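# Summary of structural features
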Amino acid sequence: MLTELRLNSLGVVAEAVLPLGPGLTALTGETGAGKTMIVAGLGLLLGARADASLVRNGQDRALVQGRWEIGENTAEAVEALGGDLDDGVELVTLRQISSQGRSRATVGGVQVPVSAAAGLLTDLATIHGQSEQTRLSTPERQRELLDAFAAPAALEDYRRDFAEHRRITEELAGLEADAMNRAREIDVLRFGLEEIAAVNPGEGEDEALAAEAVRLADADDLKALAMTARVALSGSEEDLDAPSVLGLVGAARKALETLAERDPGATDLARRITETNYLLTDLAQDVASHAADLVADPLRQEAVADRRGQLAALTRKYGNNVAEVLEWAGRATERLAELDGADDRIEELRERAAVLDAALDAAAAGISRVRREAAGRFAELASAELKALAMPHARLEFAVTKAPRGPHGADRIELVFTANPGSAPGPLGKVASGGELSRVRLALEVVLAGQSPGHTFVFDEVDAGVGGAVGLEIGRRLKRLAADGQVIVVTHLAQVAAFADQHFVIAKSSDGQVTTSDVTPLGEGERAAELARMMSGSGDSDAGLRHAEELIRSARAERAG
C-alpha cells in the first residue's frame, strides 16, 4: 500500500505531499488544475518513460517519492536489489528526471535500473488510465485478465518450456541451414592440418635453419675470420716468433707472480692475471674448435634449402612464421572438433525439442481447460457488476478458441460484449462506447480485487462519459474494491467522490508569470463545498451544499451498512 506520495517540480506542481491510507482516496479539481500530474508521478514510480517536459519550468530536475508498506515477498525482492527498508517494513522509492531528460530510479536507498524498479512496483500498484481502456480492447490484455482470474497453475512452467523450445528451435535451424558451409569448412581445416602434419615443423625451426643457411653460404669467409682470431690469441704455427695474446699474457703472469713473491700487496694482481690466462686459453681452444667446424658442405646446404622451402610453403598459407603456423594448427584442431560435434548437437537438440513438444502440448491443453472453466464464471460475475452499474442488459463473455501454440498457450482470448437485449455480442473494442468501456473495466477489476489483496489501484477518470446515476454505482464499486486494498481515483463526479475516505483537491493559481497547482486535503466540512462545486460549478449555493451534504450522508450510511 502507498502511504505517502511526494512530488517536487513536476509540471505545474511545485511541491506536494499526499499522505495516503487504505480505502478510497478521491482527487478532484477543475479541468487543467494538474490532477494528471499526480497520476503521472505515480506512473514514473512504476517505470513510465521519462520526459524532460515533465520538469517544471526553470527547475533542474523533478522528483517523485513514494513510501510503501510492503509484504514479505516484496521485502525479499528489495533485499535482492541491495536496498533497505525503513523500520523493517516501509519501502522508499524515488524517481528523478533532469531537465535534459536523464532519469534514475532509487529503491530502498540504492540506485537501480528503471526496469528493475518497475518490475518490483508493478506488483504493488496498477494504473488504469485512458491507455488501459485502449488496452482492454486487445486480445493480449483480455488474456491477461482471464489468466489473473483463472490462475492456471501450469502457465509458469509452460512459459519456461516454451522459451527453451524457441531457443532450441532457433539453434537447430541455424545448424541445419549451415550444414553445407560446415562441410566445406571441415574439408579446408582437415586439408590444412594434414599438410602441416606432413611437413611436421618444429618450434623455432625456421629461425635455426635461416642462421645455418648463412653459415653454410659464407663458410670460407667465416673460417678465415675464425683463424685470424685464433692466431691472434695463440700464435701462428708457421711463424713461431710472431707475438700472440697468450704469449704476452704468459709473460705478464710470470712477472706478476714474481712480484707477488716479493710484494704481498701484488698477490691479487697475480691471481687475476692467472684467471685471465685460463680464460684466454679456453677461448683460444673454442675458437679453434669453431674454425674446424666451419667447413663448406654442399649436400647439407642443399638439404637446408629444401627444408626451408617446405616451411615457406606453410608460412605462405597459415602464418608469417612457424610459430604462427603451429598456432593456426591448434585453433584449427579445436574448431574441427567443434564442427565434428555439430551432428551430435543436432541430434541432441531434436530429441530435446520432441520432449518439449509433448510437454507443451499437454500443458497447453490443461491451460485451455482451466481457462474455459473460468471464463464462464468470470463473465457471469462481471456481468452482475455491470447490472449494478446501470447496464441491466449487458452481457459479457470470454470466447476461448484454439490458436497456434504461442508463449502463453494455444488459445485466442476475445472479450465479446453487448449492452442491449437482442443484440449479438461483438468484440468489446468495436461495440462498446467510451462510457461502457469504463464500466466494463471497473467491473472486471472489482471481480479481480479478491485476487490481489492489499494492491493499490489508480483510476484516472474511470467515470468518463457517464452520468450522475451511474456515477453513484461507480462510487459504490470503487468503495467495494477499496475494501481489500487501496484505490486512488481522479474523478469529475461528485457522486464518486462522495464515497471517498480521503479527499484531496488540486487547485491552480497564477501570479501572472508562473502557474502553480496546490494539493490540499479536505476535512469533512470542506468536502461538501467541493462536491457542490463539482455538481453546479459553485461551492457556496445553499441548494448545492444541501445536495452535497446529502450525498456524503448517503455514502457514509452505505459504508456503515
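Residues numbered from 1 in each chain as written. Predicted model: local features only at pLDDT ≥ 70, side-chain atom pairs only at ≥ 80, totals over all residues. Heavy atoms only, no water.

Where an unreviewed UniProt entry is consulted, the protein appears under the name DNA repair protein RecN, with the organism given as Arachnia propionica. Entered under Function (unreviewed entry) in the UniProt record, the comment concerning the protein runs "May be involved in recombinational repair of damaged DNA." Under Sequence similarities (unreviewed entry), UniProt gives the following word-for-word description of the protein: "Belongs to the RecN family." (UniProt positions renumbered as here; feature names shortened; annotations may be inferred.)

For soluble globular proteins, the rule of thumb is that nonpolar side chains tend to be buried together. Judged by nonpolar contacts, the single largest core of 60 residues is most densely connected at Phe417, Leu444 and Leu478. No other element matches the eight residues that helix α16 (residues 434-448) contributes to this core. Beyond its immediate stretch of four places on either side in the chain, Leu444 contacts Leu136, Leu145, Phe378, Ala382, Leu396, Phe398 and Leu415. Core analysis: the next-biggest nonpolar cluster, separate from the first, contains 40 residues, Leu2, Ala16, Ala62 and Val490 among them. (Core = buried A, V, L, I, M, F, W, Y, C linked by side-chain atoms within 4.5 Å. Buried < 20%, exposed > 50% of the residue type's maximum accessible area, 1.4 Å probe, protein only. Helix = DSSP H or I, 4+ residues; strand = E, 2+ residues; numbered from the N terminus. Contact = heavy atoms within 4.5 Å.)

In this section: the side chain of Thr3. For Thr3, the position within the fold is in strand β1 (residues 2-10). Of the polar contacts made by the side chain of Thr3, one reaches the side chain of Glu90; its length is 3.2 Å. Setting aside its immediate chain neighbours within four residues, Thr3 contacts Leu18, Pro19, Leu20, Arg67, Trp68, Glu69 and Glu90. (Polar contact = N/O pair within 3.5 Å; in protein donor to acceptor, adjacent residues only side chain to side chain.)

We now examine the layout of surface pockets. Considered as a void within the structure, the second largest pocket measures approximately 210 Å³ in volume. Every residue lining the second largest pocket is counted, 14 residues in all, and those nearest its centre are Arg143, His408, Asp411, Arg412 and Ile413. Those elements that place two or more of their residues in the lining of the second largest pocket are α5 (139-150), β9 (395-406) and β10 (409-418). Residues of the lining of the second largest pocket, tallied by class, amount to five nonpolar, three polar and six charged. (1 Å grid on protein atoms, 1.4 Å probe; cavity = no way out; pocket = protein on both sides within 12 Å on 5 of 7 lines; lining within 4 Å. Points joined across faces, edges and corners; volume = space filled by probe spheres on them. Nonpolar A, V, L, I, M, F, W, Y, C, P; charged D, E, K, R; others polar.)

Overall, the coordinates contain one cavity of 30 Å³ or more when judged by the stated rule. Size it by volume and the largest cavity reaches roughly 50 Å³. Leu44, Leu45, Leu94, Ala105 and Ala117 are, among the 13 residues lining the largest cavity, the residues nearest its centre. If one sorts the elements of the lining of the largest cavity by residue count, helix α3 (residues 114-121) sits on top with four residues. Tallied by class, the residues present in the lining of the largest cavity amount to nine nonpolar, three polar and one charged.

Relative to β10, β9 runs antiparallel, the two sharing nine bridges. Among the inter-strand pairings, Thr401 is bridged to a residue of β10, identified as Arg412. Taken together, β9 and the strand that follows it, β10, pair antiparallel across an intervening segment of two residues. (Pairing = 2+ DSSP bridges.)

Pairing within the open sheet is antiparallel, and its three strands lie in the order β9-β10-β11. Two strands close off the open sheet at either side, each with one partner strand: β9 and β11 (426-427). Contacts between α5 and the sheet are confined to β9 and β10, with β10 contributing the most and set at about 95° to the helix. Helix-sheet contacts for helix α6 (residues 155-177) involve β9 and β10, and the interaxial angle to β9 is about 35°. (Axes fitted to C-alpha atoms, helices over the stretch in contact; angles between N-to-C directions.)

Take the packing of α5 against α16 next. Packing of α5 against α16 brings their axes to within 10 Å, and their N-to-C directions diverge by 25°. In terms of axis orientation, α5 runs roughly parallel to α16. The chirality of how α5 crosses α16 is left-handed. Judged by residue contacts, Arg141, Leu145, Ala148 and Phe149 of α5 engage Leu444, Glu445, Val447 and Leu448 from α16. (Parallel < 35°, antiparallel > 145°, perpendicular 65-115°, else oblique. Left-handed = near helix turned anticlockwise from the far one by under 90°.)

Turning to the UniProt feature "coiled-coil region" (unreviewed entry) in the protein, a few remarks are in order. Under the present numbering, the feature "coiled-coil region" (unreviewed entry) in UniProt falls on residues 332-359. With 96% helix and 0% strand, residues 332-359 has its two end C-alpha atoms placed 40 Å apart.

Moving on to the environment of Val466. Looking at the secondary structure, you find Val466 in the loop between β12 (456-460) and α17 (468-482). On the basis of relative accessible area, Val466 is assigned to the buried category, the value being 14%. Counting along the chain gives 79 residues from Val466 to Lys387, while the straight-line C-alpha distance between them is 15 Å. The contacts of Val466, once residues within four sequence positions are left out, are Gly435, Arg439, Ile474 and Leu493.

Here we come to α6. With 23 residues, α6 extends 32 Å between its outermost C-alpha atoms, agreeing within 8% with the 33 Å of an ideal straight helix rising 1.5 Å per residue. For α6, the set of buried residues is Leu155, Tyr158, Asp161, Phe162, His165, Ile168, Leu172 and Leu175. The elements touched by buried residues of α6 are α5, α7 (179-199), α14 (342-388), β9 and β10. (Expected span 1.5 Å × (residues − 1).)

With that settled, the discussion passes to the packing of helix α8 (residues 205-217) against helix α12 (residues 298-318). It is the contact of α8 with α12, at a shortest axis distance of 10 Å, that shows an interaxial angle of 150°. On the basis of their axis angle, the class for α8 and α12 is roughly antiparallel. The element α8 and its partner α12 pack so that their crossing is left-handed. For the pair α8 and α12, the contacting residues are Glu205, Asp206, Leu209, Ala210, Glu212, Ala213, Leu216 and Ala217 in the first and Arg300, Gln301, Val304, Arg307, Arg308 and Leu311 in the second. Residue classes in the contact of α8 with α12 are distributed as seven nonpolar, one polar and six charged.

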